[in-house]
Amino acid sequence: MRRGLTVVALALGLLVVLRMTVLGSEDDEGGAQLGGRPVSREASAAIDSFFARYVQDDGRVVRHDEGGDTVSEGQAYALLLAAAEGDRARFERVWRWTKANLQRPDGLLSWKWREGKVVDNSPATDADLDTARALVIAGRTLPAPELIEEGNRMGKAVLDHETMELGPDDDLVLLAGPWAKEDRVVNPSYVAPCTYEELGAASPDARWQRLTTSGYAMAESLMADGRLPSDWATIEAGGGELRPSGPPDDPGSPPRYGLDAARLPIRLAEACDDRGRPLAAEFWPRLRGLDGGGAAIAYTLDGKRLEGGDNPLGLIASASAATAAGEKDEAQRLLSDAVRLEERHSTYYGAAWLAMGQALLGPAQGGERR
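Residues numbered from 1 in each chain as written. Predicted model: local features only at pLDDT ≥ 70, side-chain atom pairs only at ≥ 80, totals over all residues. Heavy atoms only, no water.

Enquirer: Describe in detail the overall build of the chain, supporting the description with residues and values.
Expert: In terms of helices and strands, the chain carries 14 helices and 10 strands. Counting every position in the chain, which comprises 370 residues, the buried fraction comes to 59%. The contacts in the chain between residues at least 6 apart in sequence include a share of 69% that link residues at least 24 apart. For the chain, the exposed surface amounts to about 13800 Å²; the carbon and sulfur share of it is 46%. (Helix = DSSP H or I, 4+ residues; strand = E, 2+ residues; numbered from the N terminus. Buried < 20%, exposed > 50% of the residue type's maximum accessible area, 1.4 Å probe, protein only. Contact = heavy atoms within 4.5 Å. Areas by Shrake-Rupley, 256 points an atom, 1.4 Å probe, with all protein chains shown as cover.)

Enquirer: So what about the sheet that holds strand β3 (residues 70-71)? Which residues, and what values?
Expert: As summarised here, the arrangement of the 3 strands in space is β3-β4-β5, forming an open sheet in which the pairing is antiparallel. Sheet topology places β3 and β5 (117-120) at the edges, where each strand pairs with a single neighbour. Of the pairings in the sheet, the one linking β3 to strand β4 (residues 112-114) comprises 2 bridges and is antiparallel in character. Within the sheet, the bridge partner assigned to Val71 lies in β4 and is Lys112. (Pairing = 2+ DSSP bridges.)

Enquirer: Quick rundown of the packing of aromatic side chains? Include the residues and the values.
Expert: All chains considered together, the criterion is met by 8 aromatic pairs. A ring pair is formed by Phe50 and Phe51, whose centres lie 6.0 Å apart and whose planes are at 90°; its orientation type is edge-to-face. Ring geometry for Tyr348 against Tyr349: centres 6.3 Å apart, planes inclined by 45°, an arrangement best described as tilted. Each member of the pair Tyr348 and Tyr349 is classed as buried. (Phe/Tyr/Trp six-rings, centres within 6.5 Å; stacked < 30°, edge-to-face > 60°.)

Enquirer: Give a description of the sheet that holds strand β9 (residues 232-235) that names residues and reports values.
Expert: Pairing within the open sheet is antiparallel, and its 3 strands lie in the order β8-β9-β10. Two strands in the sheet have a free side with no partner beyond their single neighbour: β8 (185-186) and β10 (242-245). Alignment of β8 against β9, held across 2 bridges, turns out to be antiparallel. The partner of Val185 across the bridge, within β9, is Thr234. Seen against the sheet, helix α8 (residues 206-222) touches β8, β9 and β10 and runs at an angle of roughly 65° to β10. (Axes fitted to C-alpha atoms, helices over the stretch in contact; angles between N-to-C directions.)

Enquirer: Tell me what's going on with the pattern of salt bridges, and back it up with residues and numbers.
Expert: The tally for this structure, following the rule as stated, stands at 29 salt bridges. Between Arg207 and Asp160 there is a salt bridge, with the nearest N and O atoms lying 2.9 Å from each other. Of this pair, Arg207 sits in helix α8 while Asp160 sits in helix α6 (residues 145-161), placing them 47 residues apart in sequence. Glu220 serves as the salt-bridge partner of Arg275, at 3.1 Å between the closest nitrogen and oxygen. With Arg275 in the loop between α9 (263-268) and α10 (276-281) and Glu220 in helix α8, this pair connects stretches of sequence that are 55 residues apart. Assessed through its relative accessible area of 29%, Arg275 is described here as partly exposed. We classify Glu220 as partly exposed; its relative accessible area is 30%. The network of salt bridges with common partners includes Arg63, Glu66, Asp69 and Lys112. (Salt bridge = Lys/Arg side-chain N within 4 Å of Asp/Glu carboxyl O.)

Such coordinate-based values are descriptive only and should not be taken to indicate function.
Here's what the structure looks like:
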């Protein structure tokens, strides 16, 4: 694998805890926690809004703006947000539905459900990682030891079925899912060093550290020469060269920085080690000059806006990079813009990431913590 992927470096997943530096005081105390830090009033409001709009009483997360289906990613977000609030009732009903309707015999989750049944049994690695992390957090904080066991089982399934040794040095790389092995497809936004750390702490396995190393290297490689990272990439056979690509269902389309890749600076800015935060800060010079502050649904890798609307996720990504770079006023402005954008036109994905972003970054208006 090319040097950028073999140098000891990065991370993937949502592991130790969402430890991103929060805007505002770190000394405030409250009952709601994400990664050991208090969840702000703004975050709680965003979480409540997401649950009210998109989570049914039975625990199913419904993508109302995308035909009313359900994806494993959405269930994972709801589980993480419920765990952040320490809300046992919410967590248990979301997990009950997820386990009953999406969990496969191998412990992973089928990614898509519609009209009463699974319509695509393939797992999505990011949802599996986020769910495993949520189970570990909830098991520790509620407390409920059986949830930690379930999180460890899912984490092991990720390592066993959604990773692959690639390149001349047999680097362990996180794939987009078991289905991605043949073509060596990766999604860079699945890189989440803190998730690896937390899952590794719950159930020690040297493979988590290997994913951290390859994950950082992957991010560094895709950000070379001042580029934005791509939503998708493939790893070439033999030498292990990482190549930006279009989505798996249209690999011939030009690579772009869109609503997948925008999650990468947020994952890196969690700062559970001394590498993620500086790397997240490197995004700031690239994102601050984007048309719309990064809010567009997609950009070319050199930063040109593509056709389409806006989504709060891009603003949350820019705010994450600004926070990592020490630009707290800019981060607060971007978070405020994200709030207004979601209020004007709510979407499942925007509402989910507004809640996730608020929980990670703290109050958009410098508001009081719980």
